[in-house]
Structure formats: C-alpha cells, structure tokens
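What the coordinates show
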Protein chains: 2
Amino acid sequence: MIQQVKAFFRHPGRLIPLLFVAVILAGTLLLMLPVAHVGSRATRFTDALFTSTSAVSVTGLAVLDTPVHWSWFGQFVIMLLFQIGGFGIMTSAVLMALLVTHKLGLRTKLATRMEVSQALNLGDFKAILLRTIVFSLIVEAVAALALALRFSALDYDLGAAVWYGVFHSVSSFNNAGFALFTDSLMGFATDPWICVPVALASILGSLGMPVIYEVTRRHWGRRQWSVHTKLTLIGSGLLIVLGWGAYLVIEWSNPATFGQWAWYDRILPAFFQSAMVRASGFNSIDIGAMREDSLLASIILAFIGGGSASTAGGIKVTTFFLLLLVIWAEVRGEPDVTAFRRRIDPPVIREALTVALVYVACNAFGVFLMQRFEPDIDITSIMFEVTSAFATMGQSTGITYDLSEPSKWLLTIAMYTGRVGPVLFAASLALRARKRLYRYPSARPLVG
Amino acid sequence: MIQQVKAFFRHPGRLIPLLFVAVILAGTLLLMLPVAHVGSRATRFTDALFTSTSAVSVTGLAVLDTPVHWSWFGQFVIMLLFQIGGFGIMTSAVLMALLVTHKLGLRTKLATRMEVSQALNLGDFKAILLRTIVFSLIVEAVAALALALRFSALDYDLGAAVWYGVFHSVSSFNNAGFALFTDSLMGFATDPWICVPVALASILGSLGMPVIYEVTRRHWGRRQWSVHTKLTLIGSGLLIVLGWGAYLVIEWSNPATFGQWAWYDRILPAFFQSAMVRASGFNSIDIGAMREDSLLASIILAFIGGGSASTAGGIKVTTFFLLLLVIWAEVRGEPDVTAFRRRIDPPVIREALTVALVYVACNAFGVFLMQRFEPDIDITSIMFEVTSAFATMGQSTGITYDLSEPSKWLLTIAMYTGRVGPVLFAASLALRARKRLYRYPSARPLVG
Ligand SMILES: [K+]
Ligand SMILES: [K+]
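Criteria and cut-off values
- Residues numbered from 1 in each chain as written.
- Chains lettered and ligands numbered in written order.
- Predicted model: local features only at pLDDT ≥ 70, side-chain atom pairs only at ≥ 80, totals over all residues.
- Heavy atoms only, no water.
- Helix = DSSP H or I, 4+ residues; strand = E, 2+ residues; numbered from the N terminus.
- Buried < 20%, exposed > 50% of the residue type's maximum accessible area, 1.4 Å probe, protein only.
- Contact = heavy atoms within 4.5 Å.
- Areas by Shrake-Rupley, 256 points an atom, 1.4 Å probe, with all protein chains shown as cover.
- Donors = N, O, S within 2.8 Å, 3.2 Å for Na, K, Ca; no water.
- Tetrahedral: all angles 85-135°; square planar, octahedral: opposite > 155°, others 65-115°.
- Phe/Tyr/Trp six-rings, centres within 6.5 Å; stacked < 30°, edge-to-face > 60°.
- Lys NZ or Arg CZ within 6 Å of the ring centre and 35° of its normal.
- Expected span 1.5 Å × (residues − 1).
- Core = buried A, V, L, I, M, F, W, Y, C linked by side-chain atoms within 4.5 Å.
- pLDDT = per-residue confidence, 0-100.
- UniProt positions renumbered as here; feature names shortened; annotations may be inferred.
- Salt bridge = Lys/Arg side-chain N within 4 Å of Asp/Glu carboxyl O.
- Patch = residues over 30% accessible without salt bridge, like charges linked within 9 Å, V, L, I, M, F, W, Y side chains within 5 Å.
- Polar contact = N/O pair within 3.5 Å; in protein donor to acceptor, adjacent residues only side chain to side chain.
- Axes fitted to C-alpha atoms, helices over the stretch in contact; angles between N-to-C directions.
- Parallel < 35°, antiparallel > 145°, perpendicular 65-115°, else oblique.
- Nonpolar A, V, L, I, M, F, W, Y, C, P; charged D, E, K, R; others polar.

A separate point is the overall build of chain A. Along the backbone of chain A there are 17 helices and three strands. Across the 448 residues that make up chain A, the buried fraction comes to 59%. Sequence-distant contacts in chain A: of pairs separated by 6 or more residues, those separated by 24 or more amount to 72%. Accessible surface for chain A amounts to roughly 18,200 Å². Of this, 68% is attributable to carbon and sulfur atoms.

Turning our attention to the coordination of the potassium ion (ligand 2). All names here are of chain B. Every protein donor of the potassium ion (ligand 2) is listed here as V58 (O), T59 (O), N175 (O), S280 (O), T392 (O) and M393 (O), and their distances to the metal cover 2.6 to 2.9 Å. Bound by six donor atoms, the potassium ion (ligand 2) shows angles of 63 to 154° at the metal and therefore irregular coordination geometry. In primary-sequence terms, the residues that donate to the potassium ion (ligand 2) follow V-T-x115-N-x104-S-x111-T-M. With S280 in the loop between helix 12 (267–277) and helix 13 (292–304) and M393 in the loop between helix 16 (379–390) and helix 17 (405–432), the pair connects residues that are 113 residues apart, well separated along the chain.

It is worth spelling out the packing of aromatic side chains at this point. The final tally for this structure, using the stated rule, is 42 aromatic pairs over all chains. Relative to B:Y359, the ring of B:F303 lies with its centre 5.4 Å away and its plane at 80°, an arrangement referred to as edge-to-face. Of this pair, B:F303 sits in helix 13 while B:Y359 sits in helix 15 (residues 346–373), and the two are 56 residues apart along the sequence. Looking at B:Y359, the relative accessible area reads 5%, which means it is buried. Through successive ring pairs, a cluster of aromatic residues spans A:W72, A:F76, A:F82, A:W163, A:F167 and A:F178. Sitting above the plane of the A:W252 ring, A:R266 keeps its charged end 4.6 Å from the centroid.

A four-donor tetrahedral metal ideally has 109.5 degree angles, and a six-donor octahedral metal ideally has angles of 90 or 180 degrees. Listed as protein donors to the potassium ion (ligand 1) are A:V58 (O), A:T59 (O), A:N175 (O), A:S280 (O), A:T392 (O) and A:M393 (O); their distances from the metal cover 2.6 to 2.9 Å. Given six donor atoms and angles of 63 to 154° at the metal, the environment of the potassium ion (ligand 1) is assigned as irregular.

This paragraph deals with helix 8 (residues 158–173) of chain B. All names here are of chain B. For helix 8, which comprises 16 residues, the first-to-last C-alpha distance of 22 Å matches the rise-based estimate of 22 Å (1.5 Å per residue) to within 8%. Inspection of helix 8 places A161, W163, Y164, G165, F167, H168, S169, V170, S171, S172 and F173 among the buried residues, and these make up the whole buried set. At the C-terminal side of helix 8, N175 shows a positive phi close to 55°.

Moving on, we come to the nonpolar core. Ranked by size, the top nonpolar core spans 247 residues in total, and within it A:F82 and B:F82 carry the most contacts. Each residue touching A:F82, except ones within four places of it in the same chain, is listed here: A:A55, A:V58, A:F167, A:V170, A:S171, A:N174, A:A176 and A:F178.

On to the confidence of the model for chain A. Looking at chain A, pLDDT values average 85 and 87% of them are 70 or higher. Throughout residues 106–119 of chain A the model reports pLDDT below 50, and contacts reaching past four residues in sequence, or to other chains, amount to 29 contacts.

Residues and elements named next belong to chain A. In the numbering adopted here, UniProt assigns the feature "transmembrane region" (unreviewed entry) to residues 15–33, 76–100, 128–149, 193–213, 233–250, 295–328, 348–370 and 409–431. End C-alpha to end C-alpha, residues 128–149 measures 31 Å, and it is 100% helix and 0% strand. Along residues 193–213, the helical share is 95% and the strand share 0%, with 28 Å between the first and last C-alpha atoms.

All names here are of chain A. Positive phi, close to 70°, is recorded for D155, a residue that is not glycine. Within the secondary structure, D155 sits in the loop between helix 7 (125–153) and helix 8 (158–173). Given a relative accessible area of 72%, D155 falls into the exposed group. For N175, which is not glycine, the phi torsion reads 55° and is therefore positive. In this structure, N175 sits in the loop between helix 8 and helix 9 (192–207).

In this section: the pattern of salt bridges. Evaluation of the coordinates by the stated rule reveals 16 salt bridges over all chains. Ionic pairing is found between B:D293 and A:R372, a salt bridge with its closest N-O pair at 2.7 Å. Placement of the pair is B:D293 in helix 13 and A:R372 in helix 15 (residues 346–373), with the two residues belonging to separate chains. By relative accessible area, B:D293 is classed as buried at 7%. Under the relative-accessibility criterion, A:R372 is labelled partly exposed at 45%. Each of A:R41, A:R44, A:D47, A:E405 and A:K408 takes part in salt bridges that share partners, so that together they form one network.

With that settled, the discussion passes to a nonpolar patch on the surface. On the surface, A:L130, A:V134, A:I138 and A:V142 cluster together to form a nonpolar patch covering roughly 380 Å² of accessible area. Relative to the elements of secondary structure, A:I138 occurs in helix 7.

Let us look at the side chain of B:T91. Residue and element names in this part refer to chain B. Positionally, T91 belongs in helix 5 (residues 72–108). In terms of polar contacts, T91 uses its side chain to reach the backbone carbonyl oxygen of G88, at 3.2 Å. Beyond its immediate sequence surroundings of up to four residues, T91 is in contact with F125 and L129.

All names here are of chain B. Along the chain, G27 falls in helix 2 (residues 12–32). Using a relative accessible area of 0% as the deciding quantity, one classes G27 as buried. Sequence spacing of G27 and T53 is 26 residues, and the spatial spacing of their C-alpha atoms is 8.3 Å.

All names here are of chain B. Among the secondary structure elements, V63 is positioned in the loop between helix 3 (45–56) and helix 4 (66–69). By relative accessible area, V63 is classed as buried at 7%. Between the alpha carbons of V63 and D47 there is a distance of 6.5 Å; along the sequence they are 16 residues apart. When residues no more than four places from it in sequence are discounted, the contact partners of V63 are D47, F50, T51, T400, Y401 and K408.

Axes are the key here: two packed helices are described by the angle between their axes and the distance separating the axes. Between helix 15 of chain A and helix 14 (residues 317–332) of chain B, the least distance of the axes is 9 Å, while the angle of their chain directions is 110°. By the angle between their axes, helix 15 of chain A is roughly perpendicular relative to helix 14 of chain B. Seen from helix 15 of chain A, the contacting residues are A:P347, A:R350, A:E351, A:L353, A:T354, A:L357 and A:V358; seen from helix 14 of chain B, they are B:L323, B:V326, B:I327, B:A329 and B:E330. When the residues that make up the contact of helix 15 of chain A with helix 14 of chain B are grouped by side-chain class, the tally is eight nonpolar, one polar and three charged.

Owing to its 3.6 residues per turn, the α-helix aligns residues three or four sequence positions apart on the same side. Residues and elements named next belong to chain A. Taking 1.5 Å per residue, 16 residues should reach 22 Å; helix 9 reaches 22 Å between its end C-alpha atoms and fits that length. By the burial criterion, the buried members of helix 9 are I194, C195, P197, V198, A199, A201, S202, I203, G205, S206 and L207. Of the surrounding elements, those touching the buried residues of helix 9 are helix 7, helix 8, helix 10 (209–215), helix 11 (227–251) and helix 12 (267–277). Of the residues flanking the start of helix 9, the one acting as N-cap is D191, its side-chain oxygen 2.9 Å from the backbone nitrogen of W193. Immediately downstream of helix 9, the backbone of G208 shows phi near 100°, a positive value.

Take the environment of B:W328 next. Considering the arrangement of structural elements, one finds B:W328 in helix 14. Sequence separation between B:W328 and B:T338 is ten residues; the distance between their C-alpha atoms is 9.4 Å.

If you want it as structure tokens, here you go:
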C-alpha cells in the first residue's frame, strides 16, 4: 500500500501538480496571518487562496489592492510565491520535456536523425537548472538595479527605491504582473526608465528555458539553433510588432487611453501593452477604457501567450505558429509541414491541434460559467477576465474586485489549471504515444 | 487569348463561382422588376442583391419581409433561386469531390487499398446527378403534400394550401429557410403536422449527396457504408440530440420562449430549433428572446453545420468530428486517427484543420468589421448574425432589417463566400497536393 502510494507520487506528472497545491496552500496560510495585512479588515480564506494562487501561477489578478491591503510582510510573501511559482513552472516544464525526449530517444532510436528540441539534448537537467537560476538572478538583479535607480531619481528614499525595484523586477521576469501601485504601472506609462526594464525582463522571462539555454551557450552560430528556438524568437517578435501596431491604430484617438498624450508619447505605451498582454500582465493604460477591438486583440494575444517552458501562459507561441504552418503547407499543397528547412514531425502537429482545441474548449466553458455567475457584466469583460486567468496573463477590465464568490473560485481554478495543465497535458500526450501492431485500412472522408 | 480565356473557365473551380454570381445577378434583376413587389415602395438594388444572394446561397436572411414586400411573382422567383442554388451547390460539391477522387486515384494508385469516399467511387457523375434530382423531387413532393394537407386543414383555400406547401417544402429540403410568414414558423411552434415535415425534409437535405447516394442504393448492409456516411449520420444524430437537450434545459423556464407552453409542448420546439440551426434556419421561437447561452450554443451548432455536399452550411459535420477524433487519438496515445475501424488518411486531418481555422478566422474578421459598422448592437447579436450568414444558416435575433448599408454588403459577401468558398477551398486543397523529391530532416519543437 505505502509502496503503491510512493510509486504513484514518484511520477513527476503527478508530483508537480501536488507540489503546486502545497505551495499555494502554504502561501494561503501565510497570507491569512494578521501580520500579512494592514488595517482592521482580516483577510478572508477565499481571498487569500485567490491571491496565493494568482501569485504561484504567476497570473497577477488581484481581488485585494496589493499596496493597500497587504503589509510589507504580505507583499514579501507574495513576491516569494511568484518567485517560487515562476522558477517551479520553468523547471517543471523542462523536466517534462526531458522525459519526453528521453522516452522518444529510447523508443524510436531516431535521436540521430531527428532534432528533438536540440537545446534539451545538449545538457542534463542539473545543467539546465543551474543555468535557469543564474540567468534568473542576473536578469532580476540588472532590472532591479535599473528600476531602483529610477525610483530613487523619482525621490523615493533609498530603502523604498530598492524594495520597489526588487519587487517589480522579480514580478517582471517571472511574468507575475503584481505591482505595488493600485493602478499597476499607469503612473509610469510614458516613462521609459520604468517601462523598458519591466518590458525587457518580462520578454526574457516569456521566452522559455529551452530558448534561453540555447541562446546563452558559449559557441553558437545562428544556423545551429533549433526550430523551437527560431520559431519562438521570430514568432514572439512578430506578435509584439503586430500587437504594437494594432494598439496604436485602434487606441490612437481614444481620449481615455493614448489620446491624452502627445503623438510621440503613444509609441511606448502601445509597445508596453503589446509586450505585457502575452507575458507579465502589467498595464500602463486603463484596460477597462480600451476600445472593444483592443480588448478582442488582447484576448487573442493573451490566448497565444509566450514561449514553452517559460513563465508566460497561453497555448504558447510554437503551438500557434505550428497551426499557421499547417495551413500554409496545406494551401501550398506541400506534403510536409516545414519550418526553417526542417520537416515538422507529424505527431507534433496533432499535439498542437489538441492543445489548442482543448484550450479553446476549456476557456469557452469558463466564459459560459462566469456568464451565469455574473448576469450584469458584459460578455467582453467576462471573456477578457476568464482568458486572462486561464492564460495566466493578469490584466483585467476592472471587474475582479466586484466578482461573486463562485466567480472567484472559477478564476482560482482557471489560474491553477491554466498554469499547471498545459505543461503536463502536452507532455503526457507525447508520453502516452504508443505503437500498434496492426493498422486499419485507411479512409478519406470528405471535408468542408 | 480566347483560347487562354476558355481554358481558364473550363476548370470547374473557376466556373462554379462565376455561375453562382450569374444566377445571383439574374435573380437580382428579376426581383427588381416592378411586378416582383407589392405596394408603392420600389425594391432597391442592394436589397434585391441581398435577397437574391440569400436565396441562391440558401441562407434565408431577409432585409425585406418576404410575405409583405414581395408579390407572388417575387416569391416564385425567390423559390426558383433557392431551388437552383440548392441543386447547384449539391452537384458542384459532388463534382469537386469526384475531381479530387479522380486525381488522387490517378496519382497515388491507392484506390484499391484506400476507401476514397466509397460512395463516389461507385457511380459516375451522371448517375449521381440523376439520383440527386429524383431524390430531391420525391422528398419535396412528399413534404409539400403533407404541408398542403395541413394548411388545407387549417382552412387555407386549396390554391393557397398547395402554394404554401410547395414553397415551404422546397425551402426546407434546400435548407433555404425562407418562409411566407413574417414570423417564420413561430405560428406553428407546437404543431407537429407543420414542424415535423419541415424538420425531416431539412435534415434529409442537410446530409449531403454522398450520404444520400450511398444510403439509397439497392443492396446494402450497414457494414459496407463508408466512413464518411457513418460519420455524417452518427454525427448529425448526436448534434441534434445534444442541441435538443441544451435548448430544453436553457430555455425551459424562459417566459418569452418555452415558458409560454405546457411542459409537453416544449419538446417539439426544442427539437425543431436544434434541427433548424444546423440546416434550414426556420425558427419556431423568437430567436431574439432566447437566453444568451442558447444563442452561444446556436452559434456553435451553426458553425459546425451539416453534411458535406449538402445544402447546409458550416465547416461540416465530418470536419468537426475529425478534429474531435484527432484529440481522442492524441489523448489515448494512438499512432493513427481511426473511425469505424478505418485509419483516417493524415492529409485529410490537415485539410480539416485548415478548413476549420480559416473558417474561424474569416468569421472573426466579419464580426470585427460589423462591430465597427454597428456600434449600437450588442456583440452577441453581431456574432449570431455574421455566423448565420457565413454558415448560410439564416436565423437572426432580429437585427437584419435595421442594418446599415456596409453591414448588408458584408452579409451579402459572407453568404456568397460562406456558400461557394468551402466547397472550392477544401477541394482545391486536396487538388493542390504535390509530391516532393526531397525531404528536410525532421524537427520536434515543444508544444504547450
Ligand atoms: K502574468
Ligand atoms: K439556411
């Protein structure tokens, strides 16, 4: 019996989600301590659970105003939780990917012919773990220094400047999106000394460890990068530029957002929003005041999300672009789906399709449920909120504070499953793959 | 030069869309004749074009009240248009499918091993054409007789009863959804003698010629049916039952829809709505009064649509279930996607994915545009209207009459491309497929 229980938990696919639950519950307890909040209003269990889940899943949605409700200790706990959560999710995803690579290598013996996410073949888990820690610390330190200097220049006293620098830097790199300002970073919308470090740290955090590992190795030429790395880098770049342009065009004359600034001051906030919506979820403009089209664009971008094995959410950049590549190959009548002179292994396409469709279905179900819970909130805000939670993005049109209890529970579950689910789901799909000794004759039903 | 022009138009993939345009324009001219309408208000070009497109594409959306605006001649022209349109779309789709089969047969020489939509291997185009005509006439005659008897029993005089019977029968089988009542079939919501013949004719029309051809052949055992036929029949049945249940549950206590009737009188309208939303687009309840959840369910069902090479629209039942089968195979770790003890040819899966995603993208783009044109209409109604047009379904929450000119043009284009597009698109995808003499080494990017 004990043996069986041990064996059950030894598999990382079962251990990882439980570890996340454990950290979330520990965080909930710490946040419920009287010392964690200021003022007389005690923290309710559901609100503490929501906050802890939001931090560990590096989402950033908040039912309580972070700078107003939480004490310094509470804020420190939240920072600890999203540092643990961000590190945990990166390493978990890498671990699962290594398991897949290992199993595929053992079984198919194709390792020499097939580029099984090159980056992960090159080192063992320990080396990747070490690289993750070192890289995280360097980026966080540099961003923290830059931010602290800026806060200091804005007349914060030294201790506050350092604390604000560290908190927002860690929050950026781990794509947590928690801010120590009630209006997130809206006060710094046109301040490049705040927005650029936050954006860069966020983007670096959103690329994912396999990409970082490959790009930071000593001897490399661009040619040797894996398809995964090229697809993630070029895809992320494209999405940032597309989003940047879309926000500029749509919000240009909106007096509640970009319209309040001179034309040259609209460039930075548009870039910032484009970078944030697929990563950290900070906001430097009022999301609730954005036009409907911007909200829909944001929902799509958040849904796509960042890189695999990163702290960003969504179906992931590679998943999205693989589906586009399928369409491209199909329209051109190519027998293979190719990218960067490599043929994409067909099972990967099935995986991508499955991940995307299951994601759409879960997200739609969440919207369907919340719409029942919140009959008075418009459908766009509900779609935005649910997608934000499920893609662990963290922006909100401003409805989070006023949600009913069922909706808060729904978002809590969405943040947790949106974070832990895809990592395990994609890997388990790849791990489940088995051989058949017989095959049925083939059929060709009509389509369309 | 003339030779080149001739060669250009000889290809059915170019000829078919032009033939549809020709019929639509001829219909527009006929509908603009003074004799086509009653009353002093002349028919404007855009409204005549909209009506003609709606009829030829067998959609059923109307910017003018069919029984009020049009004379008997006008109504007769509309009936002619949707009879030509319905027959044209069925035969075009069969023709394209035969071309694909032929090309695949020539090229891959796999015809003996592969079940290339069995039904279409068995006869030549003429035989299928003849079967289509005979089957259409029989179903239309039987339904017309049943409806005429009922209208007669409802005290319509003989001529009117026959005309109403014929018009609604042809409208049903061709999934056109045009009705001679201002409120569609709401006056007969609980009358099985009207609703059942309409529903049966609609469902038969929505299965598609390959299925009809296979099911109506003389000697058959269920085992010999093709995967296409089994998937379409079982899929359609499942969707009807699911929709039936969903509408019953959601609308049960809605005083504006089912709530007005005794409990046993709610069964029929729920079935009717479930059958109509994927086929004809008649309605026996007030669509605009339905609950938000019902509207969303309707959008999904309309989007899935009916059978391939039928008069129903959408991405088609087989496309939808193929994608579900991919997920099922993926989750179970099966190397092949299988259905009914047949392995689905992998290129078909890529086709299904492409059709579905391109469809989603076009539909979303339509919603995006109409939202700009109609800032005062809620997003759900716009989604419903655009999907209804693009999936040539024909129900409306009631906003069609009041739309701006750009929106009417948008819907006109949506109805035309939604009808002609998928047939040609899916076939052209299959026809474009080519061989490569070289293959790149394979790669396996991470997903999720
Ligand atoms: K986030
Ligand atoms: K229709």
